[in-house]
Amino acid sequence: MKQLTLWKRFLIGKIKFLQREFFGQVLQAQNQLYQHAHQWILEHAPAISGRYDKTAPWFKKGMFYLPWFCAFIIILNYFNVFDRSPSIKSVQDPNVVVVNEDLRKMMVDGKAQISPFVEELRASGRVDFNELFLSRIGANVTGRVSDILAIPGQMVKQGDVLAKITSTELTQSQLSYLKAKSASQLADQAANRAKILYKEDVIALAELQRREAESNSAKAEFRAANDQLRVQGMDQASIDKLAKSGVIESINNVVATIPGEIVERKINKGQVVQPADALFTVADLSSLWAISEVPESNSYLIRKGQKASLIIPALRNQEIEGTVAHVDSIVNPQTRTVVVRMELANKEGQIKPGMLATMLIESQPLDKLVVPVGAVVREDNHDHVFVRLDDDLYRMVQVKLGPEGKGFRPVISGLKEGQEIAIEGAYHLNTERKRQLSGG
């Protein structure tokens with residue numbers, strides 16, 4: 001331990017000796033340089049040399065140390081000792097991002113260009129019955145419900161009996177029919193006898209014409225009574241049977257007028273019904289309508305036959321392709337909307353009337369400056385794209401865009417045609433920009 005201390009003292013002493021030797025040699029070299037300079041000035045400018053020799057000793061000593069003082073000031077200035085303002089080594093633009101090799105693999109560059117843009121109008125709507133395949137069936141006569149043969153959800157064919165109604169009104173109509181039939185037969189027989197008698201000059205022509213007129217009138221009343229029974233729900237076969245048998249039936253059948261499913265029933269046994277009452281609703285659900293209301297400001301973009309699709313949330317956002325079948329010619333004055341209709345095929349029966357839906361309608365294509373949806377990032381409630389500055393430098397630029405259509409968005413402001421941008425991977429670029437900004 002003692003030897004180690006002696007060794008340290010020896011090293012320290014050696015270092016101090018070398019320092020003295022070094023500075024001694026430097027000072028000696030400086031003295032020689034000053035002597036040579038003084039000799040040169042004495043030979044070429046003796047007046048200046050004479051003045052210098054007459055100066056005070058402190059001035060000569062100061063001139064000797066002046067170079068050392070200047071060197072010391074230069075060193076202090078180099079390290080910004082005299083600069084009171086904060087030193088900023090580098091300033092990073094918060095909107096600029098530097099792309100590395102890994103990030104480059106996740107992005108694609110392209111240009112903002114003008115191309116046909118198809119705006120996709122979104123409008124809320126609903127699924128409804130196809131009214132061409134919908135029938136609301138009521139009673140043909142006033143009467144009391146005696147029997148119900150159909151229930152909601154039941155599939156029926158055209159002509160199937162849904163319910164039976166006992167009606168005195170139908171009884172009176174059948175009685176009137178039988179009376180009209182008898183009166184028509186009697187009047188026809190009287191007219192035939194009159195023709196025979198007229199040929200035998202037994203009656204005058206006026207009498208023949210009177211009886212023929214009575215026969216024609218009776219036939220007309222008979223036809224009217226037949227039509228009345230048809231209106232009250234009897235088919236022609238039943239009417240002919242009534243004419244032959246003369247047996248009056250007070251039962252009126254409520255029959256299905258179209259094939260389909262019974263979707264509604266408003267009837268109970270023993271209920272008194274009127275012809276104006278809708279007792280059953282039968283619908284063919286293999287074809288439905290999707291109905292939506294479009295604001296009048298966008299109605300000019302929609303035409304019959306345009307492509308459209310329907311998204312139904314209840315079917316896990318299933319998208320159904322189709323076309324616009326009808327656009328109303330009038331505007332609803334209360335809602336300021338126009339009704340748009342789309343036809344839906346429903347062979348599997350998954351779609352049900354009353355389901356909520358969103359209708360997407362493609363407008364007529366217009367040439368606009370567009371950018372892909374993948375090129376847009378949302379930051380601070382504004383849309384931005386990344387414009388390429390250099391091979392590895394991109395700047396985030398704020399833009400104003402219109403609604404999306406077919407994977408593109410129209411540029412309203414902030415971007416010019418032909419500018420090179422990142423058309424894919426904008427999200428990764430924005431993430432890298434934030435990371436670089438935070439110093440990560």
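The structure this text deals with has already been given above.
Everything numeric here is computed off the predicted structure, so don't read it as measured data.

The rules behind these values
- Residues numbered from 1 in each chain as written.
- Predicted model: local features only at pLDDT ≥ 70, side-chain atom pairs only at ≥ 80, totals over all residues.
- Heavy atoms only, no water.
- Pairing = 2+ DSSP bridges.
- Helix = DSSP H or I, 4+ residues; strand = E, 2+ residues; numbered from the N terminus.
- Axes fitted to C-alpha atoms, helices over the stretch in contact; angles between N-to-C directions.
- Expected span 1.5 Å × (residues − 1).
- Contact = heavy atoms within 4.5 Å.
- Parallel < 35°, antiparallel > 145°, perpendicular 65-115°, else oblique.
- Left-handed = near helix turned anticlockwise from the far one by under 90°.
- Nonpolar A, V, L, I, M, F, W, Y, C, P; charged D, E, K, R; others polar.
- Salt bridge = Lys/Arg side-chain N within 4 Å of Asp/Glu carboxyl O.
- Buried < 20%, exposed > 50% of the residue type's maximum accessible area, 1.4 Å probe, protein only.
- Phe/Tyr/Trp six-rings, centres within 6.5 Å; stacked < 30°, edge-to-face > 60°.
- Lys NZ or Arg CZ within 6 Å of the ring centre and 35° of its normal.

**Comments concerning the sheet that holds strand E16 (residues 337–345)**
The six strands are arranged E4-E13-E16-E15-E14-E17 in a closed barrel whose pairing can be described as antiparallel. Taken over all neighbouring pairs, the strand axes of this sheet differ in orientation by 40° on average, direction set aside. In the sheet, strand E15 (residues 318–327) pairs with E16 via three bridges, with the strands oriented antiparallel. Paired with valine 327 across the bridge in E16 is valine 340.

**Focus on helix H6 (residues 205–231)**
Helix length check: H6 (27 residues) gives 39 Å between terminal C-alpha atoms against 39 Å at 1.5 Å per residue, within 8%. Buried-residue contacts for H6 involve helix H5 (168–199) and helix H7 (236–245). Of the residues trailing H6, glycine 233 is marked for its positive phi of about 105°.

**Some remarks on the packing of H6 against H7**
Put simply, H6 and H7 touch, their axes get as near as 10 Å, and they point 130° apart. Taken together, the axis directions place H6 and H7 in an arrangement best described as oblique. Helix-helix and strand crossings are classified by hand; for H6 and H7 the assignment is right-handed. For the pair formed by H6 and H7, the contact residues are Asn226, Leu229 and Arg230 on the first element and Gln236, Ile239 and Leu242 on the second. Among the residues forming the contact of H6 with H7, the class breakdown is three nonpolar, two polar and one charged.

**Description of the pattern of salt bridges**
Working definition: two side chains of opposite charge can pair if their charged atoms are close together. In total, this model carries 18 salt bridges according to the counting rule given. For aspartate 109, the salt bridge identified is with arginine 388, shortest N-O distance 2.9 Å. Taken together, the residues aspartate 109 in strand E2 (residues 108–111) and arginine 388 in strand E20 (residues 382–388) connect sequence positions 279 residues apart. Take aspartate 109: its relative accessible area is 22%, and that puts it in the partly exposed class. Classification of arginine 388 by relative accessible area gives partly exposed; the value is 25%. With a shortest N-O distance of 3.8 Å, glutamate 379 and arginine 433 are connected by a salt bridge.

**Structural notes on the packing of H5 against H6**
Remark: H5 packs on H6, axes separated minimally by 8 Å, with the N-to-C direction vectors making an angle of 155°. In terms of orientation, H5 and H6 fall into the roughly antiparallel class. For H5 against H6, the interelement crossing comes out left-handed. By residue class, the composition of the contact of H5 with H6 is 16 nonpolar, seven polar and eight charged.

**Quick look at the packing of aromatic side chains**
Applying the stated criterion across every chain yields a total of one aromatic pair. Stacked on the ring of tryptophan 289, the Lys or Arg arginine 341 has its end atom at 4.1 Å from the ring centre.

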